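These are the residues of each chain, in order.
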Amino acid sequence: MRVDRPTLRRWLMLTPALLVTGVLFGVSMYYGISQSLGYLPFIGATRVSLDAYASVLGGATPAGREFWAALGFSLWVTGISTLLSAVAALLLAVALSHRRRPAHQATLLALNANLALPHMVWAIALLLLLAQSGLIARIAAALGLIATPAEFPVLVRDQAGIGIILHYVSKEIPFLVLIVLAVLRTQGHAYAEVATTLGAGPWMRVWRVTLPLVWPGLSAGALLVFAFIFGAYEVPALLGVSYPRVLAVLALDYFLNADLNRRAEGMAISLIMTVVVVGLGLLVRRIDGSER
Amino acid sequence: MARNAEDKLVDGDGFSRWPAYLGYALLYLLLLGPVVGLVLYAGSTRWFFPDLLPVTWTFETFWRQLSNARTQQAIGTSLLLGGVVTLLALVIALPAARTLGLERFPGRSLVLLLLFLPTIVPPLATGMGLNIIFLRLGLAGSLAGVVLVHLIPVLPYTIFALIGVFVRYDEGYEQQARTLGAGPWRILWQVTLPLAGPGMAVAALFAFLVSWSQYVLTLLIGGGRVITLPMLLFAAVAGGNPATIAALALIFAGPPLLAIALAARALTERTTTVGQQY
């Protein structure tokens, strides 16, 4: 088989990236799966078993007793955060897309600045601002709404994950707004104008004209947001409580355990998380693909 | 009716304007307000409920954090790590992004799928999988090991940003330069870099930010021996007082905000955005 020069050159250009990603990723998956199956020949463990998965899914061990609650909590926090930030981003982008140049640039800059702030910085700011004696509670006290810190609602480190959700909604809106804005600014407003001339109201226009237009970008962005939140550790660790906790916190806790069986369970949980997000990604791609 | 509709379009988007102004004010407050909150906390001493503002102000906490040897060491490690990762990511990503941005070929979507898989798979899972083998290879606890593992989340975003640059790149200019007798290096310096330079700078900046913000991967591979700023910050939240935590958080937020300010023109002039998440 003869390979022509342009083809050879093209694959040579792709090789470094494919090699680095492929090797690091492949090796990590291989050892991750081996470890979750209890197969670690260099420490003498050669018996392959599904024990870790059985105890995680079956609820026999401490990790297993917490697994389903953690899965539910993770899905709740991730799902509601993704949904709220996508809806808010869509409306916000529509409102912002008509702004004139200087105002538009200022908004872009503010959105980018927010995006550049590390998640940990944002989480710490929320922790300080929303605590029962935080700045917001002080403002409420100054307005006479509350008298003591205890009267302020528990918004961070709360059982329902409100702090984590507030964090992600506020931090992911800029990310999605920038994606939607990029589409709206390049597509122009011709469709919206036609719809208006035909008598469509603003809400109708968002639903029937803008949403279909930005859907490919918005759904891809929302999928990234979902995967990111579902797998994230720092923010739920900083803004969450010890029960219920998200899968990522549960997985790392068990993985760092000295007991090898516990480590295998932690590894199994993180691989189950991988299956959930990759499965969802394939599903979204499929739905998007069949619509076109 | 038609006239009415036209007026509305000139005005804005047809939503009434009043809530819109309120909305903008709220938007800026939400986007940047918490940073102002951090500044308040970092500058406060003995700030008790229900005082709205600190009674006395001081920069002392901030300076004490900044002159702390551990903090300085962590800043150095974070900068070195981010710099090396960014450089490596650019060298690896540039040829791939150029090919993916300029050409359509069989297997392209499969390549994209593989390169972007790390943005979907939790970094926790990748880090845990690599933990044991890096331990065996002696890479765990070393800067080199952490550089390698940072490349996993950094590469896809760098490639993604650079594809955006090369999609709008016209190879014709290079061909013209070649026809006029320019060698490959001259073409790189005088044609490619001036054309793609600003976009590459933005990609580099975001590559740096992804590495700068990493916590879990550094923890799993650095094993407590590679101490970056996020590690210090996480430890501080567990035991520090609000002023210390806020000061450290501001130090951590400084370089990203500075970088955005430096790249302000490139970021606002372009209609495309660096799809970014870290």
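In the annotation of an unreviewed UniProt entry, chain A is listed under the name ABC transmembrane type-1 domain-containing protein and assigned to Candidatus Chloroploca asiatica. Entered under Subcellular location (unreviewed entry) in the UniProt record, the comment concerning chain A runs "Cell membrane".

A. Region of interest: the overall build of chain B. Across its full length, chain B holds 13 helices and two strands. When the 278 residues of chain B are sorted by exposure, 52% land in the buried category. The long-range fraction of contacts in chain B, counting pairs at least 24 apart against all pairs at least 6 apart in sequence, stands at 72%. Accessible area for chain B stands at about 13200 Å²; split by element, carbon and sulfur atoms hold 67% of it.

B. Structural detail: the packing of aromatic side chains. Inspection of every chain in the model, using the stated rule, returns 13 aromatic pairs over all chains. Where Tyr233 of chain A meets Tyr215 of chain B, the ring centres are 6.2 Å apart and the plane angle is 5 degrees; that geometry is what we call stacked. Pair noted here: Tyr233 of chain A is in the loop between helix H9 (202-231) and helix H10 (234-239) and Tyr215 of chain B is in the loop between helix H9 (184-213) and helix H10 (216-222), and the two residues belong to different chains. The class for Tyr233 of chain A is buried, based on a relative accessible area of 13%. Consider the rings of Phe116 of chain B and Phe160 of chain B, whose centres lie 5.8 Å apart with planes at 90 degrees: the pair is edge-to-face.

C. Spotlight on the interface of chain B and chain A. Taken together, the contact between chain B and chain A spans 93 residues of the former and 103 residues of the latter. The interface formed by chain B and chain A holds one salt bridge in total. Residue Glu103 of chain B is joined to Arg10 of chain A by a salt bridge in which the shortest nitrogen-to-oxygen separation is 2.7 Å. Of the residues forming the side of chain B that touches chain A, the biggest block, twelve residues, is contributed by helix H2 (residues 17-42) of chain B. Here the residues of the side of chain B that touches chain A sort into 71 nonpolar, 16 polar and six charged.

D. Representation of the nonpolar core within the structure. Formed by 129 residues in total, the largest nonpolar core has its most connected members in Ile124, Leu247 and Ile269 of chain A together with Leu38 of chain B. It is helix H7 (residues 162-187) of chain A that provides the largest number of residues to this core, a total of 14 residues. Ignoring any residue separated from it by four or fewer positions in sequence, one finds Ile269 of chain A in contact with Val56, Ala63, Phe67, Leu247, Leu250 and Ala251 of chain A. By size, the runner-up hydrophobic cluster in this structure holds 52 residues, among which are Leu112, Phe134, Val165 and Leu217 of chain B.

Scoring rules and cut-offs
- Residues numbered from 1 in each chain as written.
- Chains lettered and ligands numbered in written order.
- Predicted model: local features only at pLDDT ≥ 70, side-chain atom pairs only at ≥ 80, totals over all residues.
- Heavy atoms only, no water.
- UniProt positions renumbered as here; feature names shortened; annotations may be inferred.
- Helix = DSSP H or I, 4+ residues; strand = E, 2+ residues; numbered from the N terminus.
- Buried < 20%, exposed > 50% of the residue type's maximum accessible area, 1.4 Å probe, protein only.
- Contact = heavy atoms within 4.5 Å.
- Areas by Shrake-Rupley, 256 points an atom, 1.4 Å probe, with all protein chains shown as cover.
- Phe/Tyr/Trp six-rings, centres within 6.5 Å; stacked < 30°, edge-to-face > 60°.
- Salt bridge = Lys/Arg side-chain N within 4 Å of Asp/Glu carboxyl O.
- Nonpolar A, V, L, I, M, F, W, Y, C, P; charged D, E, K, R; others polar.
- Core = buried A, V, L, I, M, F, W, Y, C linked by side-chain atoms within 4.5 Å.

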